[in-house]
Amino acid sequence: MKKAISCILTAGVLLSVPAATGCGEKEPEREKFEYVWRSTEYELRDGLKISSFIRRGDELFARASERVEVDGYYKNINYILALDTDNLTVSEEELALPDGVSLSDVAVTDDGFLLTASETDLLTGDSISKLYEYSGGELTELISDLKAVFDTPGPSRFYTSELFVDAEGRICVSTNNAVAMFSPDCDKLYEQSFDGGLELTQSPDGSVYAMYTDDSNDTRLCRFGDTVEDIPLPDGVSYGYESLYFGGGYDLYIDDMTAVYGCDFDDMTKVKLLDYINSGLIQRDILSLAVIDADSMLAVFQVSDANGVSLDPELYHIERIPDEELGEYYIIDLAILSVPPRTTLYETIIEFNRMSEEYRVRITNWGELATDEVSAVELLTREVLAGNSPDVFLFDTYDERDALVDAGAFCDLLPLAEDDEDFDESDYNWDAVMKFVDDGKLCLFPATVNIQTIFANRDYLPYESWTLEEFLDYAENLPDGKYLQLEGDDMLTLTLSANLDRFVDFESGECGFDGEEFARLLEFAKNQQGASLADTFSTEEFLMSSPYLRRGEVMISEIYDVRDIISYLYMYYTAAKAPEDVVSVGFPSDGSGVLMTHNKSLAISKDTLVMDGAWQLLVHLADNIVDDVSSFGGIPLSYEALEYFKSTEVGRNCYFQYAGGYQSWAGGIGFANEEQMFPASEGYRYIVAESDLDYITDLLSAANVSELNSSIGKAIMNIISEEAEIYFAGEKSLAETQELIQNRVSLLVSERS
């Protein structure tokens, strides 16, 4: 049974909740959901695998293949499909190639086809790339050795990439780093070499274009004709992130993985045509796209079953839904400040839209609107303060969220959770969630978290955890040749991360930075200036904790962010000679010393008019926002998301290098020389077990949220850092520095209180 193709908006469990207002008096209004396209599937016979499109003028064709058994062996049969875009029918023609000829690319001509293919000598195994004409089932050799006619040096194994025939009958052949143009009689006209990425396409008028990167890594566009002509591109087009297409209507079409835009060469203004998310199309499932015009396209989608097994690709005709036919919904505006690569966020939003009868999500990526002068969070904050707040906010690891929190932009999520009969706190690590409650309110929901701790080698550290006094007693008396990893301002962060409440009473507003304990801390941090192992290097050298902990040269790691299982295991299998000799000693504190910080967090505007829908979206995101876990997506607090997290990590192969760094991959090795590739003397091979998740669970249960992660905590740390820097430089005395910190922080705390 095939899973529902991504471009068909089928409903699963429907979210049918009544529209509700927020704190304002306005009622929400339904809006037309724009840039929506419908999809209709072509009927392809079983076994036919369609791969890419071919253009000849206004006609569209497609390459396809079929794996068949012949005399006990399997071979691929190649086909060219003529596509009727009006009646959505297909006619096919087989390319009957002899044994030993492997097809590379095809161009359609008035008389048949041109082919680039490699011909392999079945006795010697030698392979030569050639250009052929194919007509009436006959194969005629036109260029006997394409490698010999290219001047640009390429890889040791020569291969061609793309093949086109332009309106003048000229033949365009590309490799990975060059394009050669030939006359209709196969005489070489010219060759253009390229240093960076290279991607070719053809317009309906027969012109061949190349998008490429130049010596400065800037993205360029050129057209091949009598000569190579540079063509301007709209601002912001970047090779590898945008794809270019040609069709009727506009001069150029741009796909930025979220939408398709049309633009003309004379003004380069991008006009949005197709929104993938609004249309329920998962863009990364598209194997090939062809633009017919501004209202219709063809797309080949990769498809898999419920178990993730790939099935035959499917061909769809997609067309714009006229404005008068668009549905009306309550719109939930979702603000993001950045999108990580390979994200599944868009698929998660599409899933929500499919399940909801009432709501549709509209995403604005504020990172795309930022300039060199104004950051994304500044732009967003201005809009919120002006009364134009989005409904839901999704923040990623390094997104700045304090300004919006301080502005009171978000509502308290706890009453929403209490009022939702379907919401079950036991579906989450609720104890961890509640640790992010500030002043009785949960304004930021921690979908995923980073765990911060300090690692040490038990052979050199007599503590399982330590108080601030124990840390200072230990650190002030290190033997010669033994170092701490941190110094100066970083050392202040280390010592204050779990101890700020020792010096600040946030309820009474009283501060204690003028006492002996803080004086000792400041003096110690000053003495640590220039006292790290890195300062002993004669040249710049990257210092990683692990090998130096293992050898006992460094006593503690830097502040370590645990954002997945493997990064945590890496320390356990490299920081000492055996995992049991590694201890997560944590930050100096009177508690566990383990801290949590936001990775991905969610918030709802206090002024939203669609509060119920916004809450439903927040819960849906919290349960599904675990994309790119192996790329440090954080530890999910939803148990449903945690199960997915486990499935992505458990069973992964790891190689932890004693000299620093690690590799991880899914599946087996696939190499006979495993020991040579991953020598036991240089690292530790390990397969992640389900029990390893207990490490993370234990840390979560012990972790607290540092005051330094709140906006006032960061403001206090900025004051301490500013004044400490002057003290470290010898420009002020210890007493003067303490007095300035005491006065400035006391004023700040009293104002905030």
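Quantities reported herein were computed from a predicted structural model and do not represent experimental measurements.

A few words now on the confidence of the model for the protein. Overall, the predicted model of the protein reaches an average pLDDT of 87, with 91% of residues at or above 70. A low-confidence stretch, residues 1-24 stays under pLDDT 50, and its non-local contacts, those more than four residues away or across chains, total 72 contacts.

Its place among the elements puts D424 in the loop between α5 (414-419) and α6 (430-434). Taking relative accessible area as the criterion, D424 reaches 36% and is therefore assigned partly exposed. A polar contact is formed between the side chain of D424 and the side chain of S426, at a distance of 2.7 Å.

Pairing is antiparallel in the open sheet, where three strands are placed in the order β36-β35-β37. Each edge of the sheet is formed by a strand with only one pairing partner; in this case those strands are β36 (662-665) and β37 (683-687). Neighbour-to-neighbour, the strand axes of the sheet open up by a mean angle of 10°, direction not taken into account. The pairing of strand β35 (residues 653-657) with β37 spans five bridges and is classified as antiparallel. Its bridge partner lying in β37, C654 is registered against Y686.

Another aspect to go through is helix α13 (residues 611-624). In an α-helix, one turn spans 3.6 residues; hence positions three or four apart end up facing the same way. End to end, α13 covers 20 Å across 14 residues, agreeing with the expected 20 Å (1.5 Å per residue, within 8%). Of all 14 residues in α13, twelve are buried, a share of seventy percent or more. Taken together, the buried positions of α13 are occupied by M611, G613, A614, W615, Q616, L617, L618, V619, H620, L621, A622 and D623.

This part is about the nonpolar core. One finds L413, F445, I604, W615 and I696 to be the most contacted residues of the largest nonpolar core, which totals 75 residues. Not counting residues within four places of it along the chain, the set of residues in contact with F445 comprises L413, Y428, W430, V433, K600, S601, L602, L618 and A622. Listed in part, the 45 residues of the second largest apolar core include F524, A525, I556 and V745.

This part covers the packing of helix α2 (residues 345-355) against α13. At a minimum axis distance of 10 Å, the contact between α2 and α13 shows a crossing angle of 135°. It follows from the interaxial angle that α2 and α13 lie oblique. For the element pair α2 and α13, the recorded crossing hand is right-handed. Every residue of α13 that contacts α2 at L345, T348, I349, E351, F352 and M355 is listed here: G613, Q616, L617, H620, L621 and N624. Per-class residue counts for the contact of α2 with α13 are six nonpolar, five polar and one charged.

All chains considered together, the criterion is met by 42 aromatic pairs. For the ring pair F33 and Y329, a centre distance of 6.3 Å and an interplane angle of 75° mean the geometry is edge-to-face. On the criterion of sequence distance, the pair formed by F33 in the loop between β1 (31-32) and β2 (37-41) and Y329 in strand β26 (residues 328-336) is long-range, its members being 296 residues apart. Aromatic pair Y568 and Y572: ring centres 5.1 Å apart, planes at 55°, arrangement tilted. Residue Y568 and its partner Y572 are located together in helix α12 (residues 565-574), separated by four residues, close to a single helical turn. Here Y568 matches Y572 in class, with each residue buried. Taking the ring centre of Y79 as reference, the NZ or CZ of R45 above it sits at 5.2 Å. Positioned above the aromatic ring of Y727, the side-chain terminus of K526 is 4.6 Å from the ring centre.

Cut-offs used in this document
Residues numbered from 1 in each chain as written. Predicted model: local features only at pLDDT ≥ 70, side-chain atom pairs only at ≥ 80, totals over all residues. Heavy atoms only, no water. pLDDT = per-residue confidence, 0-100. Contact = heavy atoms within 4.5 Å. Helix = DSSP H or I, 4+ residues; strand = E, 2+ residues; numbered from the N terminus. Buried < 20%, exposed > 50% of the residue type's maximum accessible area, 1.4 Å probe, protein only. Polar contact = N/O pair within 3.5 Å; in protein donor to acceptor, adjacent residues only side chain to side chain. Pairing = 2+ DSSP bridges. Axes fitted to C-alpha atoms, helices over the stretch in contact; angles between N-to-C directions. Expected span 1.5 Å × (residues − 1). Core = buried A, V, L, I, M, F, W, Y, C linked by side-chain atoms within 4.5 Å. Parallel < 35°, antiparallel > 145°, perpendicular 65-115°, else oblique. Left-handed = near helix turned anticlockwise from the far one by under 90°. Nonpolar A, V, L, I, M, F, W, Y, C, P; charged D, E, K, R; others polar. Phe/Tyr/Trp six-rings, centres within 6.5 Å; stacked < 30°, edge-to-face > 60°. Lys NZ or Arg CZ within 6 Å of the ring centre and 35° of its normal.

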